[in-house]
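# Analysis of the macromolecular model
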Amino acid sequence: MTITDKQIDILDSLLIEGVASLSSSPKGKKEYIDKAKNVIKSFCTENGEPFPDWIDLTISPVFIENDELTKQSEKGYYPDLLPHFLNILRELQSQYYSRMQLEEFRKQTYESSKQTIEAQEQTKEAQKANKWTVLAIVISGFAVVVSIVALCLSTSTRTIKVDETQYQEIRQHCLIDSSVKRDTL
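### Topic: the pattern of salt bridges
Two side chains with opposite charge may pair up if their charged atoms get near one another. In the structure shown here, the tally under the stated rule is 3 salt bridges. Two residues, glutamate 103 and arginine 99, come together in a salt bridge whose shortest N-O distance is 3.9 Å. Highlighted residues: glutamate 103 and arginine 99, both in helix 5 (residues 81-155), separated by 4 residues, approximately one helical turn.

Spelled out as structure tokens, the structure:
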């Protein structure tokens, strides 16, 4: 049997009323048990569930007769029936709260696993970004080295080697050139 969210408040009130009925007369106890059985049956009808067997099997009908007859016929009155019935109602209450805790635990577990998956995906993306960053740093470092080498090459003076015959030939041209300039002046 299942207790729903809207039925739990009714069950809680029924339990409080039952505890108060413990000190009632036999007739008051019988009226409470009949009321509680009807409430439990209405819960089953609302939920589309069959009536639990314990409603009619473990909780026998209570017959209240006059005191003299009750003493003679003990099979008609069960003095321990109300505490037993309250224990069954407490068990239903406990099952409801246990089910709610389990559902809350499942929700939290689902959310936790969802967050874990998201964190793993973010970690993968961060690792991928780190790889690209390292590659960019390596390429930038290589570009800096190439730039430094190019700068050094562009600012360095170049030396030209000439052998002796080339030197003499260049000297001759320079001398001829300088004599032509003197003559024209």
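And the narrative resumes.
### Focus: the packing of helix 1 (residues 5-21) against helix 5
Between helix 1 and helix 5, the least distance of the axes is 10 Å, while the angle of their chain directions is 150°. In terms of orientation, helix 1 and helix 5 fall into the roughly antiparallel class. Read as a crossing pair, helix 1 and helix 5 show a hand that is left-handed. Residues Asp5, Ile8, Leu11, Asp12, Leu14, Leu15, Gly18, Val19 and Ser21 of helix 1 lie in contact with helix 5, whose contacting residues are Leu82, Leu86, Leu89, Arg90, Leu92, Gln93, Tyr96, Tyr97 and Met100. The class makeup of the residues in the contact of helix 1 with helix 5 is 12 nonpolar, 3 polar and 3 charged.

### Points about the packing of helix 1 against helix 2 (residues 26-47)
Running from N to C, helix 1 and helix 2 point in directions that differ by 170°, and their axes come no closer than 10 Å. Considered as vectors, helix 1 and helix 2 are oriented roughly antiparallel to each other. Listed contacts from helix 2 to Lys6, Gln7, Ile10, Leu11, Leu14, Leu15, Glu17, Gly18 and Ser21 of helix 1 are Lys29, Tyr32, Lys35, Ala36, Val39, Ile40, Phe43, Glu46 and Asn47. Within the contact of helix 1 with helix 2, the residues separate by chemical class into 9 nonpolar, 4 polar and 5 charged.

### Concerning a negative patch on the surface
Together, Glu111, Glu118, Glu121 and Glu125 line one region of the surface with negative charge. With respect to the helices, strands and loops of the structure, glutamate 121 is situated in helix 5.

Cut-offs applied
- Residues numbered from 1 in each chain as written.
- Predicted model: local features only at pLDDT ≥ 70, side-chain atom pairs only at ≥ 80, totals over all residues.
- Heavy atoms only, no water.
- Salt bridge = Lys/Arg side-chain N within 4 Å of Asp/Glu carboxyl O.
- Helix = DSSP H or I, 4+ residues; strand = E, 2+ residues; numbered from the N terminus.
- Axes fitted to C-alpha atoms, helices over the stretch in contact; angles between N-to-C directions.
- Parallel < 35°, antiparallel > 145°, perpendicular 65-115°, else oblique.
- Left-handed = near helix turned anticlockwise from the far one by under 90°.
- Contact = heavy atoms within 4.5 Å.
- Nonpolar A, V, L, I, M, F, W, Y, C, P; charged D, E, K, R; others polar.
- Patch = residues over 30% accessible without salt bridge, like charges linked within 9 Å, V, L, I, M, F, W, Y side chains within 5 Å.
- Areas by Shrake-Rupley, 256 points an atom, 1.4 Å probe, with all protein chains shown as cover.
- Lys, Arg positive; Asp, Glu negative; His and termini not counted.
- Charge placed at Lys NZ, Arg CZ, Asp CG, Glu CD.

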